[in-house]
Amino acid sequence: MAENRVSTPYTKHLVLFSPPFQGHINPMVQLAHILHSRGFFITIVHTDYNAPHLEPRPGLTIEPIYLGLSNEEAREMDIVELILTLNKKCELPFRALIEDLQSKKGGLRVSYLITDAVMYFTQDLAEELGIKRMAFRTSSSTSTLGFQAIRDKGYLDNRGHPSDEPIPDFSPFRFKDLPFVNTKDPDSLCLFISSFTGKSFRASALIFNTSDCLESPALEKIRPQCRGPVFAVGPLNFPSSSSILPEDDKCISWLNTQPPRSVVYTSFGSLASMESSQVMEIAWGLANSGRPFLWVVRPGLINVLNAACLPSGFTEQVGLRGLVVEWAPQKKVLAHGAVGAFWSHCGWNSTLESICAGVPVACWPQFSDQRVNARLICHVWRVGAEMGREVERGEVEMVVRRLLVEREGEEMREKASELKKVVQRSLGKGGSSYEALDSLILQLMSC
Ligand code: UDP
């Protein structure tokens, strides 16, 4: 693995900052640990809203900033509104923190900001303070092209395009695979897309948590659009913990009691929410499948406050064959030999984690980049099965059987295990991600 090679005395100080979403925090924290292990002094900045549990260590400090944003306020906003609000609310405390770090007597001056691409306010701030900035994009590079397409080609309201028609110049994606963002403010969505793509993107480099071996067609299109280099350093896979919710450790002891490759792990990430009726279909589909399952029902998964989570009679029917938890140690779960399939919303981290574990995926994308990722999984890498938009218990039962019992699932598992090896090679010496990480480090050192 690339991350533990040299250790040097600290000469450079990097500040890393991500928005308060689990799917953005995890890869940023992994990148922070990797750069720390390569000799950089690191400050990780996070917001008090949705704060992750992070452990400082020598040379790696953690700094919270305070926004005064309550869960209730955030819940009222759609995702675009929330991101705009975060950019506004973070500006003053983040600026104060950086100025404080720069003026600290005897402290190491900050040489680079590495900030999430969606925290676009940091670009102006970096320029004003004379600090360089690299942007970190935690979604797939292919979905970046999908976002560009919805901005530039008038595909914005792709809810009206659930069509199987191929998108011109974006093969093999169909209109129904385009990113979908449910917002009252499409103009702001377009502005926000411009902050991480195209001509107005001004960061001195763009880092992607992906690999050329997974997404070279998209990366080849994105590279000429950027002023600086594009570093595809993923999948980042450092053993670090950065959960917002506590992980339930019973998952592993329960998995230890299950036969090899028998369990379907079911999780829809940290943001997706659904109707109680959908949760019912999922519950009975899993119950009726007759296969063991581990299902994450996180607080907030059901979009009606205080709704009853599970149907009555469900727990009694499944007994010890099913385990429902609020939050799982997902990477450890996927790496466990008892897990045979992952029913996922296809968030980019979940997608990469399934690849690193060699586990095939039942794809049920919900919003944003997830539809693009699902198409990559099912059609490009062929390590998963596509599910219909409307969840229905009969289909759940069928897809679980396809992946866990039938020959088709076995074939996908073989492909997934080959893809895992390809990705491992890209992370090893001489591989594209290994080399990209070295180039990134050279650029960070040279400043
Ligand atoms: N995750 C976890 N435990 C869970 C569910 C999710 O640790 O029970 C982690 C998962 O490993 C991934 C992240 O949360 O790193 C979710 O990111 P992803 O991009 O897959 O989806 P998002 O939450 O952004 O929709």
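The structure presented is a predicted model; accordingly, all values stated were derived computationally and were not measured.

Student: Which residues make up the sheet that holds strand β3 (residues 60–65), and what values go with them?
Tutor: Here seven strands make up an open sheet; going across it, the order is β3-β2-β1-β4-β5-β6-β7 and the pairing parallel. In this open sheet, the two edge strands, each paired with only one partner strand, are β3 and β7 (230–232). The average angle at which neighbouring strand axes cross in this sheet is 20 degrees, direction not considered. Across the sheet, helix α3 (residues 79–103) is in contact with β1 (13–17), β2 (41–47), β3 and β4 (110–116); its angle to β1 comes to roughly 165 degrees. Helix α7 (residues 212–222) contacts β6 (205–208) and β7 of the sheet and is inclined by roughly 170 degrees relative to β7.

Student: Tell me what's going on with the nonpolar core, and back it up with residues and numbers.
Tutor: Formed by 73 residues in total, the largest nonpolar core has its most connected members in Phe 94 and Trp 381. The greatest single-element share of this core, amounting to ten residues, is contributed by α3. Apart from the residues lying within four places of it in its own chain, the contact partners of Trp 381 are Leu 214, Trp 348, Thr 351, Ile 355, Leu 376, Lys 415 and Leu 419.

Student: Go over the site of the ligand with me, naming the residues and quoting the values.
Tutor: Taken together, 19 residues lie around the ligand, and Ser 270, Ala 328, Asn 349, Ser 350 and Glu 353 are the ones closest in. Measuring from an oxygen atom of the ligand, one finds a backbone N or O atom of Trp 348 at 3.4 Å. Between Asn 349 and the ligand, the recorded distance is 2.8 Å, taken from a side-chain N or O atom to an oxygen atom. For the ligand, the protein covers 94% of the area, taking 540 Å² as the surface of the free molecule. Of all the elements, helix α12 (residues 348–357) adds the most residues to the shell around the ligand, at four residues.

Criteria and thresholds
Residues numbered from 1 in each chain as written. Predicted model: local features only at pLDDT ≥ 70, side-chain atom pairs only at ≥ 80, totals over all residues. Heavy atoms only, no water. Pairing = 2+ DSSP bridges. Helix = DSSP H or I, 4+ residues; strand = E, 2+ residues; numbered from the N terminus. Axes fitted to C-alpha atoms, helices over the stretch in contact; angles between N-to-C directions. Contact = heavy atoms within 4.5 Å. Core = buried A, V, L, I, M, F, W, Y, C linked by side-chain atoms within 4.5 Å. Buried < 20%, exposed > 50% of the residue type's maximum accessible area, 1.4 Å probe, protein only. Near = heavy atom within 4 Å. Polar contact = N/O pair within 3.5 Å; in protein donor to acceptor, adjacent residues only side chain to side chain. Areas by Shrake-Rupley, 256 points an atom, 1.4 Å probe, with all protein chains shown as cover.

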